[in-house]
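Analysis of the macromolecular model
Spelled out from the first residue to the last, the chains are:
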Amino acid sequence: MFVKFVRASLIAAAVCVLPVLASDQSSALTDFTERLESLNAMETQFQQVTLDQSGEILQSLSGTLVVMRPGKMRWQTRPPYEQLVVSDGKVVWVYDMDLEQVTVRDLEMRLQETPALLLSGDVSGISDSYTVSREMVGEVVRFRLKPLDASQLFDSLEFDYAGDQVAYMRIYDAAGQITEIQFTDQQVNPMLDEVAFTFVIPDDVDVIDGRHGE
């Protein structure tokens, strides 16, 4: 009798909790998308650190990030790891200076490999691609996004907001590595020149064109 009572109690508790969880997820999704929608443009410095499973630093780099909705981005890292990623809202160019190589992809293909594009993209499809949860960490609001598609290159993403500004982004990959990006010296919704989101392929570089139909 006691076992049946406990089992019945657990089932009842689960039934009560499920609507609450669904409500919390819906609230987190709404909060996150509203924050992204309020960000029409951003220009910021960043520091990026990649850690292995034991917390050892594998790579540290810095650079600048400029984003503008919809889908425009310019991500540039400083030496010794020089790379430039430019999106005009339709096409993404990845220019590896050391390799003298440019990779070209359609925007929707590169979104999986360039999570920072979430800061400049169409937020209407987030619920189709991710589950979104939210928690308070001190005075920071942390959103965690879990891809619904298991083939994505990362296990989860985190966005930390200090007030209305995104302060950190973390990428957790399948190998257990963590890439943490800290944003500093932000300018929110500045006037930007569209030329920042155009890219002219330099002469004498290898071009890998992976666009549909190319």
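Residues numbered from 1 in each chain as written. Predicted model: local features only at pLDDT ≥ 70, side-chain atom pairs only at ≥ 80, totals over all residues. Heavy atoms only, no water.

Quick notes on the nonpolar core
Just so we agree on the cut-off: To form a nonpolar core, buried Ala, Val, Leu, Ile, Met, Phe, Trp, Tyr and Cys residues must be joined to one another through side-chain atoms within 4.5 Å. Remark: exposure states derive from per-residue accessible area (1.4 Å probe, protein chains only) relative to the maximum for the residue type, with buried under 20%, exposed over 50%, and partly exposed in between. Strands here are runs of E lasting at least two residues and helices are runs of H or I lasting at least four, both read from the DSSP assignment and numbered beginning at the N terminus. Whether two residues touch is decided by their heavy atoms; if any such pair falls within 4.5 Å, the residues are in contact.
Among the nonpolar cores identified, the biggest contains 35 residues, and Phe-32, Leu-65, Leu-119, Leu-145 and Phe-159 are the most heavily contacted of them. Among the elements that line this core, the one with the most residues is strand β9 (residues 154–162), at four residues. Setting aside anything within four residues of it in sequence, one finds Leu-65 in contact with Met-42, Glu-43, Thr-44, Phe-46, Met-73, Arg-74, Trp-75, Leu-119 and Phe-183.

Comments concerning a negative patch on the surface
Counted only if it meets this: To count toward a patch, a residue needs a relative accessible area above 30% and no salt bridge. Like charges then connect within 9 Å, nonpolar side chains (Val, Leu, Ile, Met, Phe, Trp, Tyr) within 5 Å. In these tables, accessible area is a Shrake-Rupley quantity obtained with a 1.4 Å probe, and a residue counts as shielded only by the protein chains included in the view. Salt bridges are defined as contacts in which a side-chain nitrogen from Lys or Arg sits within 4 Å of a carboxyl oxygen from Asp or Glu. Residues scored as charged are limited to Lys and Arg (positive) and Asp and Glu (negative), so that His and the chain ends carry no count. Working definition for charges: the position is that of NZ of Lys, CZ of Arg, CG of Asp or CD of Glu.
A surface patch of negative charge is lined by Glu-82, Asp-98, Glu-100, Asp-203, Asp-204 and Asp-206. As for its placement among the helices and strands, Glu-100 is situated in the loop between β5 (91–96) and β6 (101–106).

Brief notes about the pattern of salt bridges
As enumerated under the stated definition, the model contains nine salt bridges in all. When the shortest N-O distance is used, the salt bridge between Asp-31 and Arg-35 registers 3.0 Å. With Asp-31 and Arg-35 both in helix α1 (residues 2–37) and four residues apart, the pair spans about one turn of that helix. Under the relative-accessibility criterion, Asp-31 is labelled buried at 18%. Ionic pairing is found between Arg-142 and Asp-160, a salt bridge with its closest N-O pair at 2.8 Å. With Arg-142 in strand β8 (residues 140–147) and Asp-160 in strand β9, this pair connects stretches of sequence that are 18 residues apart. On the accessibility criterion, Arg-142 (17% relative accessible area) is buried.

Observations regarding the pairing of strand β2 (residues 57–68)
Heads up, the rule is: Following DSSP output, two strands are said to pair if at least two bridges run between them.
Alignment of strand β1 (residues 41–51) against β2, held across 11 bridges, turns out to be antiparallel. Within the sheet, the bridge partner assigned to Glu-43 lies in β2 and is Val-66. Counted between consecutive antiparallel strands, the loop separating β1 from β2 contains five residues, among which Gly-55 sits at a positive phi close to 90°. Of the pairings in the sheet, the one linking β2 to strand β3 (residues 72–77) comprises six bridges and is antiparallel in character. Its bridge partner being in β3, Gly-63 is matched across the sheet by Thr-77. What sits between the antiparallel neighbours β2 and β3 is a turn of three residues, in which Gly-71 has the positive phi angle 80°.

Overview of the sheet that holds strand β11 (residues 178–188)
Short version of the rule: Angles shown run from 0 to 180 degrees and are taken between the N-to-C directions of axes, each axis being a line fitted to C-alpha atoms and, for helices, limited to the stretch in contact.
Strand order in the open sheet formed by 12 strands is β7-β8-β9-β10-β11-β1-β2-β3-β4-β5-β6-β12, and the pairing between neighbours is mixed. Each of the sheet's edge strands pairs with one partner strand only, and the pair in question is β7 (130–137) and β12 (206–209). Adjacent strand axes in the sheet meet at a mean angle of 20°, parallel and antiparallel pairs treated alike. Direction of pairing for β6 relative to β12: parallel, over a ladder of four bridges. Counterpart to Thr-103 in the pairing with β12 is Ile-208.

Any functional reading would require information beyond the geometric quantities listed.
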